[in-house]
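Descriptive structure summary
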Amino acid sequence: MTQWWQRAVIYQVYPQSFQDSNGDGIGDLKGLIQRLDYLQKLGIDAIWLSPVYQSPGQDNGYDISDYQAINPQFGTMADLEALIRQAKARDIRIIMDLVVNHTSDEHRWFKVSRQSRANPYRDYYIWRDGKDGKEPNNWGSCFSGPAWDYDEETDMYYLHLFSKKQPDLNWDNPKVREEVFDMMNWWLEKGVDGFRMDVISLISKQPDLPDGKPGINGYASFNEPANGPHVHEYLQEMREKVLNNADTITVGECSGVTLEEAKKYARSDEKELNMVFQFEHMDVDADADNKWTDKKMDLREMKAVLTKWQKGLEDIAWNSLFWENHDQPRSVSRYADDSAKYHDVSAKMLATCIHMMQGTPYVYQGEELGMTNVPFTSIDQFRDLDSINAYRELVEEQHVFTAEEMMRYLCRKSRDNARTPFQWDDSAYAGFSTVEPWIMVNPNYKEINAKKQVDDPESVFNYYRKLIALRKEKEIIVYGTYDLLLPESEEIYMYTRTLGEEKLLVVCNFSEKEVAVEIPEEFCKGSYLIANYPEGEIKEQMTIRPYEAFVLEK
Ligand code: NOJ
């Protein structure tokens, strides 16, 4: 059976950086409402809204202190209700970010939990005694340092896989699950259409919390031991008690997930989730367990990874397709060429490559303009605790990297590259705000902005618009079978899609070289569906220009 979310394109809004409406330098819900016409023009079907809940904001909203209240910095519950209404009026659905592996330490459950060893909320979190006066195991927090914090009050440690202000919930406690499920039903009744589930693969921990192999900062990654034995059981329970109550869309963030596990999460029999975010294609330019490097992506490896997921889930489960989100640097800088000469063709090439695959595409705000990484020059310009903590730990405390090296890595990989204000126009602060924003504006906003692109038929924006429209017109783009050609080419990513008698050929040059390519005969009498350069004659031997991309229809 086909589903609306298989044919959909989803747009991620990071509200803090999208549009400020009240002149405080921080994006907000009213600002987002003002920009719905822009999103409708782009043609997207749903918005994944990064967290807007009550939060002390230590991890920009991924540390929630009340799941049923709105952070005043973003507006009010009435604003959120207006957003749902106004989006619906434009056929745009709203997907909330569900952050339930952990809460904020300022959530009332945790405030009570930490008061004594025996209280009704103690077992909502994961408390352990120390081992020989030290942490209960050697896991590291995702944001540097140990994954445990000692609490003097009761002489025990609590687990936090992220910052110490993000204590992990204990999903083995049925009361925690009931609280989460009730809260989700409450949101569905409000009219939201689904959930993007933050680090959902980590909710069930291995019962004995075993030590792991230490990484570059001396702490072990928790990814394996935290992919525990009950996660599928808990998600099936969620499906029965919540998700079956409405026509929902669900996508689970599952870092480190294997193909076999992903099949369980996202099987098309809909026992758990609709799809997962896997991150293997985000790791091809990282070392094992260390993203702070300037290693370059090898296209052969990228193709092998994406092909593994395309073929591995075929007819079994459903892929999510993305190059960017709020935790990743900008793709045009990372995987192509953001210099003035090749910026536009590069951004369009990446878009072609991912949007022509099988799965549901996600566009991260600004990606549709080809927004780039940011030329940060000093650690003071960063706001992301992941970047700031890593700098402190790896440069100042452990001297693993020099300050210069780390700045280079941060400019390539920091999450703040994707979090600078949306570039609406060439006025002060890029039209995002009337005052200095909470994080610097990328200085290239005069060249790269929405105002310049919306009315230019050749812009990156209008190329995305066309890709999104094509997906609505052509069933083959949604459902066609994917097959890789030229696996060994270091420059060209070429694949076909097949649906019955129909066939598409996708050709993308990931390099600045001109590359000679043999076009399979069956396409030589075909026609162009889309191209990022002026269309040349289709023939058996073609020279593919720098960062060129096109799709041929048989
Ligand atoms: C994944 C989110 O995408 C990221 O932004 C956040 O810091 C962590 N989970 C913790 O919630």
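Quick note: structure is the one above.
In this report, we go over the structure that sits alongside the text. Everything numeric here is computed off the predicted structure, so don't read it as measured data.

This part takes up the side chain of Lys348. Its place among the elements puts Lys348 in helix 10 (residues 343-355). No salt bridge is formed by the buried Lys348; its nearest oppositely charged neighbour, Glu458, is found at 4.9 Å. In this structure the side chain of Lys348 is engaged in a polar contact, spanning 2.6 Å, whose partner is the backbone oxygen of Glu458. If we skip the residues at most four places from it in the chain, Lys348 touches Glu458, Ser459, Val460, Tyr463 and Asn532.

With that settled, the discussion passes to the pairing of strand 9 (residues 194-197). Along any regular strand the residues' side chains alternate between the sheet's two faces. Neither face of strand 9 is exposed, since Gly194 and Arg196 on one face and Phe195 and Met197 on the opposite face are all buried. Across 4 bridges, strand 5 (residues 93-98) lies against strand 9 in parallel orientation. Considered in strand 9, the bridge of Leu98 is made with Met197. A crossover connection joins strand 9 to the parallel strand 10 (residues 249-253) through helix 6 (residues 231-241); in handedness this β-α-β unit is right-handed.

Asp59, His102, Asp198, His326 and Asp327 are the nearest of the 13 residues found near the ligand. Arg196 has a polar side-chain atom sitting 3.1 Å from an oxygen atom of the ligand. For the ligand, an oxygen atom lies 2.7 Å from a polar atom in the side chain of Asp198. Out of a free accessible area of 300 Å², the ligand has 97% covered by protein chains.

Its place among the elements puts Pro329 in the loop between strand 12 (320-321) and helix 9 (331-335). Not counting residues up to four positions away in its chain, the partners in contact with Pro329 are Glu324, Arg334, Asn373, Arg412, Lys413, Ser414 and Asn417.

Here the focus is the sheet that holds strand 15 (residues 492-499). Across the sheet, which stays open at both edges, the 5 strands sit in the order 14-15-16-20-18 with antiparallel pairing between neighbours. Edge positions in the sheet fall to strand 14 (481-485) and strand 18 (527-531), since each has one partner strand and no second. The mean angle between the axes of side-by-side strands here comes to 20 degrees, regardless of whether they run parallel or antiparallel. The strands touched by helix 8 (residues 299-313) are strand 14 and strand 15; relative to strand 14, the strand with the most contacts, the crossing angle is about 155 degrees. Packing of helix 14 (residues 460-473) onto the sheet brings it into contact with strand 18 and strand 20 (549-553), and relative to strand 18 it is tilted by some 130 degrees.

Cut-off values and rules
- Along each chain, numbering runs from 1 in the same order as the chain's sequence is written.
- Local features in this predicted model are restricted to residues of pLDDT 70 or higher, and side-chain atom pairs are both shown and tallied only at a pLDDT of 80 or more, whereas totals for entire chains, interfaces and linings draw on every residue.
- Side-chain figures throughout are based on the complete set of non-hydrogen atoms in the structure, without hydrogens or water.
- Numbering of helices and strands runs from the N terminus, with a helix taken as a DSSP run of H or I at least four residues long and a strand as a DSSP run of E at least two residues long.
- Throughout this description, buried means an accessible area under 20% of the type-specific maximum (1.4 Å probe, protein chains only), exposed means over 50%, and partly exposed covers the range between.
- A positive count includes Lys and Arg, and a negative count includes Asp and Glu. His and the chain ends are not counted in either.
- Throughout this description, the term salt bridge denotes a Lys or Arg side-chain nitrogen within 4 Å of a carboxyl oxygen of Asp or Glu.
- The term polar contact refers here to a pair of N or O atoms within 3.5 Å; inside protein, the definition further demands a hydrogen-donor-capable atom paired with an acceptor-capable atom, and it admits residues adjacent in sequence only when both atoms are side-chain atoms.
- Here a residue-residue contact requires only that any non-hydrogen atoms of the pair lie within 4.5 Å.
- Two strands qualify as a pair provided that DSSP identifies no fewer than 2 bridges between them.
- With the strands aimed away from the viewer, a crossover counts as right-handed if its path from the first strand over the helix to the second runs clockwise.
- Any residue with a non-hydrogen atom lying within 4 Å of a molecule or strand is treated as near it.
- Residue burial considers only the protein chains on display, and all accessible areas are found by Shrake-Rupley using a 1.4 Å probe.
- To obtain an axis, a line is fitted to C-alpha atoms, over the contacting stretch when the element is a helix, and the angle between two such axes runs from 0 to 180 degrees between their N-to-C directions.

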